[in-house]
Amino acid sequence: MKLDFSFSKWADGFLGVVRGFPVTTVLTLFGVVCGLLVVGNPHNEMAVRVLLTAVLFFPVSIALQQMEKQSYPGWVKIGSHVLGLLLLVVHFLFFSRFDEFVRDDFTQYILWFGLAVVFLTISPFLRKSLRGSVDYWEYNKQVVYAILFAFAYSALVFIGLAVALGATNALFSLNWDGEVWLRLWILCVGLLSVPIFLSKLPDVSEVQQAEEFPKELRLLAGGVLLSLVCVYFVILYAYTFKILALNEWPKGVLASLIVGFSTIGLVTFVLLYPLSKLESRYRRIFIILFVSFIPQIIVLFYAVTLRLKDYGLTENRYLLISFGIWLGLVSLYFLFSKSKSLKVIPFSLIVFLLLASTGPVSAFRLSERDQVNRLKTLLISKHILVNNVLVKGPHSLSIEETGSIYSGLQYLNSYHGLDSISDFLPNDIRASNTHPCKRDERGCADLEQITTYIGVEYVPGGLESHYVSFNVLRDTPRVLDIKGFDRLVEDLGEVKVGSDTYTFTIDKSGYEYKVLKNNFVISNVALKDLIDKLQKSDYQKIQKGFTQEEMSITYSDGSIDMKIYFDYITLIDGRLEVKDLKLIKIK
């Protein structure tokens with residue numbers, strides 16, 4: 001058997017890729033070198049900055065080269081390359097300072113990378129006259145196949161070399177660490193995956209619609225994914241009917257599930273798009289799919305709006321709202337448009353990603369502005385911020401107010417940096433400060449400096465967790481006044497009186513004890529007033545603990561007299577957990 005391989009053929013192929021994608025090749029080489037450097041030294045700022053820029057502009061460079069092959073006017077081709085180079089330089093100089101990254105910088109980078117990938121998929125089809133939706137689908141199908149082939153090829157090579165290196169390491173006791181295998185993977189991706197992918201990228205002018213729809217796609221999307229989408233939406237609609245029927249607060253995970261399941265449904269539609277042009281059965285299925293999106297979008301807005309009211313705008317909520325608006329517009333388009341062009345999805349996605357990632361109405365600027373304003377309003381109302389300057393503590397605050405202030409500062413620190421409130425800092429903090437600001441030459445302070453200065457301590461749970469615990473003073477001997485009572489019940493126990501059985505249960509969401517006689521409710525003991533009173537206590541009082549009487553409640557009706565002494569009352573995401581002793585007298 002003769003192997004059809006030679007170094008000269010490989011070199012010719014590699015040189016062909018270099019000639020076809022020179023900028024992409026340079027970015028890949030820079031990315032590989034900097035990736036190898038970062039593995040050994042993750043604090044190498046220059047290497048990290050070059051790596052981040054190279055990865056981000058990798059798909060952009062391919063998209064611009066694909067545009068170069070199309071019949072665009074010369075000024076468009078030159079202008080796009082100049083703009084791409086300008087954006088690369090600006091990003092490297094101003095947006096890749098990894099040492100100053102906060103969470104919104106990472107989120108913004110991911111959105112920009114998504115924008116670059118979407119631009120790659122649509123770049124050869126920017127002109128209206130260039131090919132139709134089916135050609136666009138076929139072109140991107142071949143792009144995905146090229147990615148999968150390149151990845152599989154480099155993965156096989158990596159596995160083979162990794163086994164060889166592992167054997168060498170074990171036999172010769174070389175004691176290599178995990179960095180060796182990570183460097184090997186970087187080399188395989190950069191020197192194998194990328195050239196193979198670029199060599200297999202289709203020329204849009206030669207893309208032809210396949211005579212037959214791929215059987216593997218029909219099986220995967222038409223069989224597996226479509227069935228999963230049906231199951232997912234049955235689950236979502238069942239839960240939606242539940243919260244409507246019981247008037248419950250929707251769980252926080254609901255919004256993420258709606259986004260995830262809707263995305264899978266949309267991907268299924270894209271994969272089967274040509275069949276919607278050929279078979280009426282799929283046209284009907286996709287009409288049902290887009291109609292089913294609409295109620296879930298409404299539920300998504302409802303779930304997000306509830307949390308907006310209590311916690312304000314964050315990047316995640318902005319992106320959830322943006323996704324809902326985008327999905328709603330796309331659904332309406334495919335329901336009522338005659339052309340039903342698949343290219344509407346990437347074009348509209350580019351617009352929404354641009355708005356969400358860049359400019360004064362982006363997710364980052366709007367959420368930062370909203371959180372700063374909410375925090376400022378609260379600080380002013382408690383006289384912690386006077387004449388736009390923080391006032392030194394301690395201050396009289398309830399646990400809810402303490403938690404809101406701390407979590408607001410914590411959020412700004414994690415997602416935007418505390419330079420967003422640098423205007424509030426008094427001079428004595430600035431004088432001892434060693435933390436530079438991005439936006440304020442006078443400097444910033446860290447979270448501990450600010451919270452210590454205003455006398456706000458850490459409250460467990462963070463920005464949106466309703467976690468609070470009320471406890472009896474530690475090391476306090478328990479002395480119970482049992483006068484007027486004849487029985488003692490611990491926690492959720494039961495007691496027998498003659499032939500009757502009395503059981504005690506707790507409604508964790510409704511904040512009340514229920515007393516059942518032979519499994520029938522005879523009394524409801526409300527705990528909400530006690531919890532509200534405890535929550536209004538000063539934070540220092542809550543940290544220290546309450547007296548036995550402060551942690552008790554007395555109840556009486558025609559069936560039972562009862563006094564409950566609580567060891568602790570804990571609220572976790574609004575749900576009640578207690579430990580107690582009950583003195584009771586059955587009437």
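Note: the structure precedes this text.
Residues numbered from 1 in each chain as written. Predicted model: local features only at pLDDT ≥ 70, side-chain atom pairs only at ≥ 80, totals over all residues. Heavy atoms only, no water.

Bridge analysis of strand β9 (residues 552-556) against strand β10 (residues 560-572) gives five bridges, and the strand direction is antiparallel. Its bridge partner lying in β10, S552 is registered against Y565. (Pairing = 2+ DSSP bridges. Helix = DSSP H or I, 4+ residues; strand = E, 2+ residues; numbered from the N terminus.)

Once that is clear, we can look at the environment of A54. Relative to the elements of secondary structure, A54 occurs in helix α3 (residues 45-68). Overall, the relative accessible area of 5% leaves A54 in the buried class. With 23 residues separating them along the chain, A54 and G31 place their C-alpha atoms 5.6 Å apart. (Buried < 20%, exposed > 50% of the residue type's maximum accessible area, 1.4 Å probe, protein only.)

Below, the discussion takes up the environment of V389. By the element assignment, V389 lies in strand β2 (residues 389-390). For V389, a relative accessible area of 31% translates into the label partly exposed. In this structure, the C-alpha to C-alpha distance between V389 and D423, residues 34 residues apart in sequence, is 7.5 Å. Leave out the neighbours within four places in its chain, and V389 touches I384, F424 and P426. (Contact = heavy atoms within 4.5 Å.)

Taking burial as the measure, the 13 residues of β10 include ten buried ones, the bulk of the element. Hairpin connection between β9 and β10: a loop of three residues separates the two successive antiparallel strands. For β10 and strand β11 (residues 575-586), the ladder comprises twelve bridges, and the chain directions are antiparallel. In the strand pairing of β11, M562 is matched with I584.

A positive phi angle, close to 65°, is found at N388, a residue other than glycine. Looking at where N388 falls in the secondary structure, it is placed in the loop between β1 (385-386) and β2. Residue N519 is not a glycine yet carries a positive backbone phi of 75°. Looking at where N519 falls in the secondary structure, it is placed in the loop between β7 (512-517) and β8 (520-526). Using a relative accessible area of 65% as the deciding quantity, one classes N519 as exposed.

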